[in-house]
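# Reading the structure
What follows is each chain in one-letter form.
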Amino acid sequence: MKKVLALILALTLVIGASAALAADYEIVSKGFQHQYWQAVLKGAEEKAAELGVTINFVGPANESAYEEQLGQLNSAINAGPKAIGLAALSTETCLDAIADAQSKGIPIIGFDSGVPGAPEGAIKANAATNNYNAGALAAEETWKAIKDRIAAADGAVRIGISAQDAVSDSVVSRGLGFIDKIGELAAAEGYTLKLEGNERYINDAKVESKDDAKIIIETLVPAQVTAELSAIDCQNLLNKADLIALYGSNQHSAEAMVTANENLQKLGTGEGQIIGVGFDSGAVIKAAVKDGVFLGAVTQAPVAMGAALVDLLVKAAAGEAVEDVDTGCQWYTAENMDSEEIAQNLYD
């Protein structure tokens, strides 16, 4: 009898300890070791401390480890948290787990790329970058650097866009946001645009394409997503005599710009050079900005994303109505990239 009582007491202590250690909120990201996800974690931890709650932040070894992430999501659900944050590698892979969370009354908040295609009502809200607005920010900064060149040009000038693909919502939105904002700024100065290149970007843009336009925007998309093919696209654009600016709408495309420029040496901010604008961070892009090869680049704000995620989790768990949050983006240049506000959102 004493042994039985001792065993029951031991189990009670273990269960009690586990309950004490259980986090209020579980967060399942698309990765963990990468500096981007560590920046998201930083923001989440800071907001959790501010609100007096606890979080458990996990992620798979890489962004192709679908089954590993599924196991982490199932573990998160089994922990019985107040709510779960999820950046799904594959919504389809997670469907059964999402249904399980719903049946247990556990709210799910998406973040980063969120949970696209999830059943209606399964995801209460998303904390993510508005990629269309981010593309518009890149356009605004590009326009500041090229508007005088456009005015001084005798004929038409060309702006190039290197886009990784024409299917990813984030990549396409960044391209369309850029095109539409250039169109808006150009119209304010009395200019018209002609759109060339990939049909998706031509057809989905809000800009009316005119053959006799002052400004040509050409968007090139490789047949396959490879660094080599994207670099060739960038070389083709850089070799056009009327090109005055080139925009790479994600890390892949911006790095292709750097590769293409290695032999051509046409990018820069000096007289007669082509203005280069990137998106995202990483060692190659940061070096291009720091060295003046790029005018600057747009980065997402992963620290703000982490903070917004925890805020949404707490509100959803309390039964409050929540809605999507645009976690913003930042324009960084050689002058501000080492500041505390910007540096915390830059990653290798």
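Everything that follows concerns the structure shown earlier in this document.
Residues numbered from 1 in each chain as written. Predicted model: local features only at pLDDT ≥ 70, side-chain atom pairs only at ≥ 80, totals over all residues. Heavy atoms only, no water.

### Description of the packing of aromatic side chains
Across all of its chains, the model carries five aromatic pairs by this definition. Ring geometry for Y36 and W37: centres 5.0 Å apart, planes at 85°, overall edge-to-face. Of the two residues examined, Y36 and W37, each falls in the buried class. In textbook terms, an aromatic cluster arises when at least three aromatic residues are bridged by ring pairs, as seen for Y36, W37, F111 and Y347. (Phe/Tyr/Trp six-rings, centres within 6.5 Å; stacked < 30°, edge-to-face > 60°. Buried < 20%, exposed > 50% of the residue type's maximum accessible area, 1.4 Å probe, protein only.)

### Comments concerning unusual backbone geometry
Although it is not a glycine, Q265 adopts a positive phi angle of roughly 55°. Checked against the element boundaries, Q265 lands in the loop between α9 (251-264) and β10 (275-279). For Q265, a relative accessible area of 55% translates into the label exposed. Phi at D280 takes a positive value of approximately 80°, unusual for a residue other than glycine. In this structure, D280 sits in the loop between β10 and α10 (283-290). Here D280 falls in the buried class, since its relative accessible area comes to 7%. (Helix = DSSP H or I, 4+ residues; strand = E, 2+ residues; numbered from the N terminus.)

### Quick notes on the sheet that holds strand β4 (residues 108-111)
Spatially, the six strands line up as an open sheet ordered β2-β1-β3-β4-β5-β12, and their pairing is parallel. Whereas interior strands pair on both sides, the edge strands pair on one side only; in this sheet they are β2 (55-58) and β12 (325-326). Note that strand β3 (residues 83-86) and β4 share three bridges and pair parallel. The partner of G85 across the bridge, within β4, is I109. (Pairing = 2+ DSSP bridges.)

This is a description of form; function is not addressed.
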